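# Descriptive structure summary
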Amino acid sequence: MTSLDPILKVSNLSVEFPTDDGIVKAVRGVSFEVRPRDVLGIVGESGCGKSVTAMAVMGLLPRTARVTGSIRFRDDELVGLKPKEMRAYRGQKIAMVFQDPMTALNPVYKVGWQLAEAVRAHEDLTRKQARARSIELLHTVGIPQAESRVDSYPHEFSGGMRQRAMIAMAIANNPDVLIADEPTTALDVTVQAQILEMLINLKDHLNAAIILITHDLGVVAGITDRMQVMYAGKVVETGTADDIFYSPRMPYSIGLLGSLPSHAGSQERLKPISGAPPSLINLPAGCPFSPRCPLADDVCESVEPPQVVVSDGHVSACHHVEALNAMADPLKLFEEVAT
Amino acid sequence: MISFIIRRVLVSIPLLFLASIVAFILVVNTGDPIEDLRTKPNVPKATIALREHELGLDKPVVERYVSWLGKAVHGDFGKTIKNQPVWAQVRRSLGVTLRLVLFAEIVSVLIGVMIGVVSAVKQYSWFDYGATTGAFLLYSLPVLAVGSFLKFILAIRLNRWIGRGDDPLIKTIGEGTANFCTASKPYNCGFIPSVTDFLSHAFLPMLTLVLITFAGYARFSRAAMLETLNADYVRTARAKGLSERRVIMKHAFRTALMTVATVISLDFGALIGGAILTETIFEWHGMGRVLVESINKIDPNLLLCWFFVTAVAVIAFNLIADIIYAVLDPRIRLD
């Protein structure tokens, strides 16, 4: 196996939750793959299925969830594994950093204890060895005075330090894939950049792939190799960061870019996408974005768009890729409609 | 921690003082201890006056309070209306109540917490539905109904049915056999006979108490566990690849324990006052009976002593609850 082989390959992943009101189709046919040292960004608004995708990869979905498709870690299929078998991957091969470091650490145990627990979950170390490893991990994630901080409780840490501790816990067993679900959303803007930079450094240090899940295009902008934009449980556009930022070919991506405060110092108003995402229980027949899309026509409302290859590696799920190609500046799509 | 405890104990003193004033006002207004004597025909005025003087009823209320308090702080709670020392009787009753309540509480907590935890872990399973239904049923039944049912419908019939109507296997009255261990019956004085005698008497009242209290703990633990099971840090624990057992015990249960333990210790303080109805049904001479009898017979000193012991217990267990909480939750600092 060379380093170019995908380390994690998700194909046609679907997740459904049966509820009293009907079946919630949270994820519908998501596919992606990552190689060592890749950074894949998954972007979308709340409820688009990005976190559910991550939880499916971790095998942390509630028992009621129905998962179909394939999640392959190297040569091992993870979909359908028994909880006990899944535990060998969780934390060791695939680790995860969660959104809110304030609540993601157990308040009653010392940070070092929780780190050592992560280490000892997969490695047969003595308490003393695990403690030494915990201190080393805290060093790695840039916590000063790690030797004494290892005995602090989470409430004695600042938000940024807690997130560092969470990351230390995630990398405790040198995982091959690190999933970061909104790792900086709950943090100060100044701390955000530090945490992201550290994640990127760690990826090279560990030779791991990172899947960065966020609603914030600003977070993924400088650091991802590839990006996927998700909407209503589907991947609606895939490409390099440049593809998506400079030549988006899906109106939803364009809308997301428009709602980003971009030009420094400009007095332009942000352009929100009007309307709300569809209910995942009764999805419209056609393109899920059609009710909010300025380009929507009859075809959009009745036929779900196929994945259209825009250029090599740039794929969009839109009936109007050609029309967007023809536009002088597709990024102005929403402005033209508004005026 | 030590300074916190010392401070809390010091604060308890004025608190107890206030409680004693309230208790005294209540007791003074319970009724006239020598009403019997007064309503009897042909009792000479001098006899009534003498009795009034003996009980201190001829003095103003404030003076009576001060004199009671002065003795009480030295551990002298005076005499009952029948001229028996109050403290000896209350101490005996406290022992009876403790034996009953302590065991019943431990069993209730063990069963209740276990059922609550399993219900939460297996939420919406048949076990959960069954436990929820059962808990609500028992929780809403009055003690009187449960106790009477166990005593009259089950135990007495069962004893007769197995042919032990005269020497019941499951005792329905009293906390122990009268004159069980005497010089004439030395074979009864060993450890095993006395434990057996205790258990045969304690079985029904304990079962009654357990049935009506465990349900509350089960509901409470279930709610606390559901909260922690859905907490982010439990998800983190799972994401580490820990075993489900460890996730539940070390992470979810350990944090749920903080609230459960507090409630239990507060409950325990309140139980020292006696399981009034249970003790009455099964004729145990515990603290509950002290309360009932002292009110019935209008026995001021006995009633005051009951109030005092109960107040001390409630204050003490409040302090214990605080300490337990601080021990279990590192975010709480007691200083």
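What you see is a predicted model, and the numbers here were worked out from it, not measured in a lab. (Residues numbered from 1 in each chain as written. Chains lettered and ligands numbered in written order. Predicted model: local features only at pLDDT ≥ 70, side-chain atom pairs only at ≥ 80, totals over all residues. Heavy atoms only, no water.)

### Considering unusual backbone geometry
Residue and element names in this part refer to chain A. Despite not being glycine, Asn12 shows a phi value in the positive range, around 50°. Tracing the backbone shows Asn12 in strand 1 (residues 8-19). Positive phi, close to 60°, is recorded for Asn207, a residue that is not glycine. Examined against the element boundaries, Asn207 turns out to sit in the loop between helix 8 (189-206) and strand 8 (209-214). (Helix = DSSP H or I, 4+ residues; strand = E, 2+ residues; numbered from the N terminus.)

### Let's talk about the UniProt feature "transmembrane region" (unreviewed entry) in chain B
All names here are of chain B. With numbering matched to this structure, UniProt assigns "transmembrane region" (unreviewed entry) to residues 9-28, 100-121, 133-156, 198-218, 255-277 and 306-328. Annotated as 100% helix and 0% strand, the span residues 9-28 places its first and last C-alpha atoms 28 Å apart. Counted over residues 198-218, helix gives 100% and strand 0%. Its end C-alpha atoms are 28 Å apart. (UniProt positions renumbered as here; feature names shortened; annotations may be inferred.)

### Comments concerning a nonpolar patch on the surface
A surface patch of nonpolar side chains, about 520 Å² in accessible area, is lined by Leu102(B), Ile106(B), Val107(B), Leu110(B), Ile111(B) and Met114(B). For Leu102(B), the location among the structural elements is in helix 5 (residues 86-121). (Patch = residues over 30% accessible without salt bridge, like charges linked within 9 Å, V, L, I, M, F, W, Y side chains within 5 Å. Areas by Shrake-Rupley, 256 points an atom, 1.4 Å probe, with all protein chains shown as cover. Salt bridge = Lys/Arg side-chain N within 4 Å of Asp/Glu carboxyl O.)

### Some words on the pairing of strand 10 (residues 234-240) of chain A
Residues and elements named next belong to chain A. Within strand 10, 6 of the 7 residues are buried, which leaves it mostly tucked inside the rest of the structure. Here 6 bridges tie strand 9 (residues 226-231) to strand 10, and the two strands are oriented antiparallel to one another. Within strand 10, the residue paired with Gln228 across the bridge is Thr238. Connecting strand 9 to the next strand, strand 10, in antiparallel fashion are 2 residues, including Ala232 with a positive phi near 50°. Pairing of strand 10 with strand 12 (residues 314-316) involves 2 bridges; the strand directions are antiparallel. (Buried < 20%, exposed > 50% of the residue type's maximum accessible area, 1.4 Å probe, protein only. Pairing = 2+ DSSP bridges.)

### Focus: the packing of aromatic side chains
Under the defined criterion, the tally for this structure stands at 17 aromatic pairs over all chains. The interplanar angle of 75° and the centroid separation of 5.5 Å between the aromatic rings of Trp306(B) and Phe307(B) together place this pair among those described as edge-to-face. Under the relative-accessibility criterion, Phe307(B) is labelled partly exposed at 26%. Ring-pair connections join several aromatic residues into one group, and the members of that group are Phe24(B), Tyr65(B), Trp68(B), Phe77(B), Trp87(B) and Phe308(B). One Lys or Arg, Arg254(B), reaches over the ring of Tyr109(A) and ends 5.9 Å from the middle of that ring. (Phe/Tyr/Trp six-rings, centres within 6.5 Å; stacked < 30°, edge-to-face > 60°. Lys NZ or Arg CZ within 6 Å of the ring centre and 35° of its normal.)

### Considerations on the domain arrangement of chain A
Residue and element names in this part refer to chain A. One can read the domain layout of chain A as domain 1 (8-224) and domain 2 (229-261 + 270-338). Placing the centre of domain 1 and that of domain 2 at their C-alpha centroids yields a distance of 29 Å. Facing 24 residues of domain 1, the contacting portion of domain 2 comprises 20 residues. Between domain 1 and domain 2 the total buried area reaches about 1,700 Å² when both faces are included, carbon and sulfur atoms providing 61% of it. By the criterion of area lost to domain 2, the three top residues of domain 1 are Arg28, Glu45 and Leu217, representing 40% of everything that side buries. On the surface where domain 1 and domain 2 come into contact, there are 2 salt bridges. One salt bridge connects Arg28 with Glu304, and the closest N-O pair in it is separated by 3.4 Å. Here domain 1 is connected to domain 2 by 7 residue pairs in polar contact (both at pLDDT 80 or more). (Domains from an automatic or database assignment. Contact = heavy atoms within 4.5 Å. Buried area = accessible area lost by both parts, 1.4 Å probe. Polar contact = N/O pair within 3.5 Å; in protein donor to acceptor, adjacent residues only side chain to side chain.)

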